[in-house]
Amino acid sequence: MDAATGSGPSAFRRIMGRFATGVTVVAVEAAEGVHGMTANAVTSVSLEPPLVLVCVDRRARMHRHLAMERPFTINILRQEQEPLSRYFSGSWPYPTPPEFRFQHWEHGPLLVGALAALGCRMDRLLEAGDHTVVLGRVMGLHEGEGGLPLVFFGGRYRRLVEAEAYAGAPADPWTHESVRIHYDEP
């Protein structure tokens, strides 16, 4: 690793924190009820078949539930749901949880009020350092209420600003009309 930016886990976390992500609550139905976990290491993998991945610390209770091949959901949080992210990450500082509810959905526990949700079944687990990459096959899609997503960047929750609301000068002389994206056709 480059000595100018440091090395080790804290430097790696700091650098990866420069990558803005959405915030989700992964949920499974367990014997004791619904178990949820905040996750931002989530991404789409494939359109055909539809696959997503979520990275889970091997020490997390969620790891045990997912290893049992239970159906799970990835609930994409709206910016107003920051308290739920804090609660399901274990960093909620209050004695009573924020208000939330899961409803039954044929593809797993659906977090009421989420921006969207993916219902998944476990396709495979891949060991990756101190985490496991859970590859999920998407079995159902749910588009929730409108709104803006909760975003995490630089170790903090952030909010998006609509482009029309931004009154500053462009970051560079390029405009969307001058940018051309080309894809190789298969």
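Counting restarts for each chain: residues are numbered from 1 in the order of the written sequence. Per-residue local features of the predicted model are confined to residues with pLDDT of at least 70, and side-chain atom pairs are confined, for both listing and counting, to 80 or more; whole-chain, interface and lining totals are unaffected and use all residues. Hydrogens and water molecules were not included; the side-chain quantities draw on all heavy atoms of the structure.

Visitor: It is not clear to me how the sheet that holds strand 12 (residues 156-158) should be interpreted in this structure. Could you clarify?
Guide: Backbone-to-backbone hydrogen bonds join strands into a sheet, with any given pair of strands oriented parallel or antiparallel. At least two bridges found by DSSP between two strands are what make those strands a pair. Labels follow the DSSP assignment, with helices taken as runs of H or I lasting at least four residues and strands as runs of E lasting at least two, numbered in each case from the N terminus. Strand order across the open sheet formed by 3 strands is 1-11-12, with antiparallel pairing between neighbours. Bordering the open sheet on either side are strand 1 (21-22) and strand 12, each of which pairs with just one other strand. Inspection of the sheet shows strand 1 paired to strand 11 (residues 151-153) by 2 bridges, in the antiparallel sense. Directly across from glycine 22, in strand 11, lies its bridge partner valine 151.

Visitor: Got a minute to help me understand the pairing of strand 3 (residues 33-39) in this structure?
Guide: In the case of a regular strand, side chains alternate between the two sheet surfaces. Among the 7 residues that make up strand 3, 6 are buried, leaving the element largely enclosed by the rest of the structure. In this structure, the hairpin formed by strand 2 (residues 24-30) and strand 3 is closed by a connection of 2 residues. Summary of the burial criterion: residues with accessible area below 20% of their type's maximum are buried, those above 50% are exposed, and those between are partly exposed, where the area comes from a 1.4 Å probe applied to protein chains only.

Visitor: Can you walk me through the layout of surface pockets in this structure?
Guide: Rolled over the atoms, a probe with the dimensions of a water molecule shows which regions are left empty. One number sums up the size of the largest pocket: a volume of about 1,300 Å³. Of the two site types, the cavity is a set of points on a 1 Å grid over the protein atoms alone where a 1.4 Å probe fits but cannot get out, and the pocket is an open set with protein on both sides within 12 Å along at least five of seven lines, each lined by residues with an atom within 4 Å of a point. Forming the walls of the largest pocket are 31 residues, and the residues nearest its centre are Arg13, Asn40, Ala41, His131 and Phe152. The element that contributes the greatest number of residues to the lining of the largest pocket is helix 1 (residues 9-16), accounting for 5 residues. Asp, Glu, Lys and Arg are counted as charged, while Ala, Val, Leu, Ile, Met, Phe, Trp, Tyr, Cys and Pro are counted as nonpolar; the rest, among them Gly, fall into the polar class. Broken down by class, the residue content of the lining of the largest pocket amounts to 16 nonpolar, 11 polar and 4 charged. Grid points are joined across faces, edges and corners, and a volume is the space filled by probe spheres set on the points. As a volume, the second largest pocket reaches approximately 230 Å³. Along the walls of the second largest pocket sit 16 residues, with Thr43, Ser44, Leu51, Val52 and Leu118 positioned nearest its centre. Counting residues per element, the ones that place at least two in the lining of the second largest pocket are strand 4 (42-46), strand 5 (51-57) and strand 6 (72-76).

Visitor: Teacher, can you tell me more about the side chain of threonine 24 here?
Guide: If you trace the backbone, threonine 24 turns up in strand 2. Reaching out from threonine 24, the side chain makes a polar contact with the backbone oxygen of alanine 39 at a distance of 2.7 Å. Whether two residues are in contact is decided by their heavy atoms, any of which lying within 4.5 Å being enough. Sequence-distant contacts of threonine 24, defined by excluding residues within four places in its chain, comprise Met37, Thr38, Ala39, Val42, Ile74, Asn75, Ile76 and Leu77. Polar contact criterion, stated in full: a pair of N or O atoms within 3.5 Å, where within protein one must be able to donate a hydrogen and the other to accept it, and residues adjacent in sequence count only if both atoms are side-chain atoms.

Visitor: Would you take a moment to explain a nonpolar patch on the surface for this structure?
Guide: Taken together, the side chains of Phe12, Met16 and Phe19 present a nonpolar region at the surface, about 350 Å² in accessible area. Along the polypeptide, methionine 16 turns up in helix 1. Any residue with relative accessible area above 30% and no salt bridge may belong to a patch, with like charges joined within 9 Å and the nonpolar Val, Leu, Ile, Met, Phe, Trp and Tyr side chains within 5 Å. The protein chains shown are the only cover counted for residues, whose accessible areas, like all others here, come from Shrake-Rupley with a 1.4 Å probe. For this document, the term salt bridge refers to a Lys or Arg side-chain nitrogen within 4 Å of an Asp or Glu carboxyl oxygen.

Visitor: Help me understand the pattern of salt bridges in this model?
Guide: Side chains bearing opposite charge may pair, as long as their charged atoms lie close to each other. Summed over the entire model, instances satisfying the criterion amount to 7 salt bridges. As a salt-bridge pair, aspartate 57 and arginine 59 come within 2.7 Å of each other at their nearest N and O atoms. The exposure class of aspartate 57 is buried, given its relative accessible area of 17%. Ionic pairing is found between arginine 58 and glutamate 127, a salt bridge with its closest N-O pair at 3.6 Å. Taken together, the positions of arginine 58 in the loop between strand 5 and helix 2 (61-67) and glutamate 127 in strand 9 (residues 116-128) put the pair 69 residues apart, joining distant regions of the chain. Look at the salt bridges and you will find they share partners, linking Arg78, Glu80 and Glu145 into a network.

Visitor: How do you make sense of the environment of valine 26 when you look at a structure like this?
Guide: If you trace the backbone, valine 26 turns up in strand 2. What makes valine 26 buried here is its relative accessible area of 0%. Apart from residues lying up to four places away in sequence, valine 26 is in contact with His35, Gly36, Met37, Ala39, Val54, Met62, Phe72, Thr73 and Ile74.

Visitor: Looking at this structure, how should I read unusual backbone geometry?
Guide: Backbone phi values are negative for most residues with the exception of glycine, while trans is the configuration of most peptide bonds. Put simply, glutamate 48 and proline 49 share a cis peptide bond, and its omega is 0°. Residue placement: proline 49 occurs in the loop between strand 4 and strand 5. One non-glycine residue, glutamate 69, adopts positive backbone phi at about 60°. With respect to the helices and strands, the residue glutamate 69 is situated in the loop between helix 2 and strand 6. We classify glutamate 69 as exposed; its relative accessible area is 55%.

The analysis is restricted to geometry; functional conclusions fall outside its scope.
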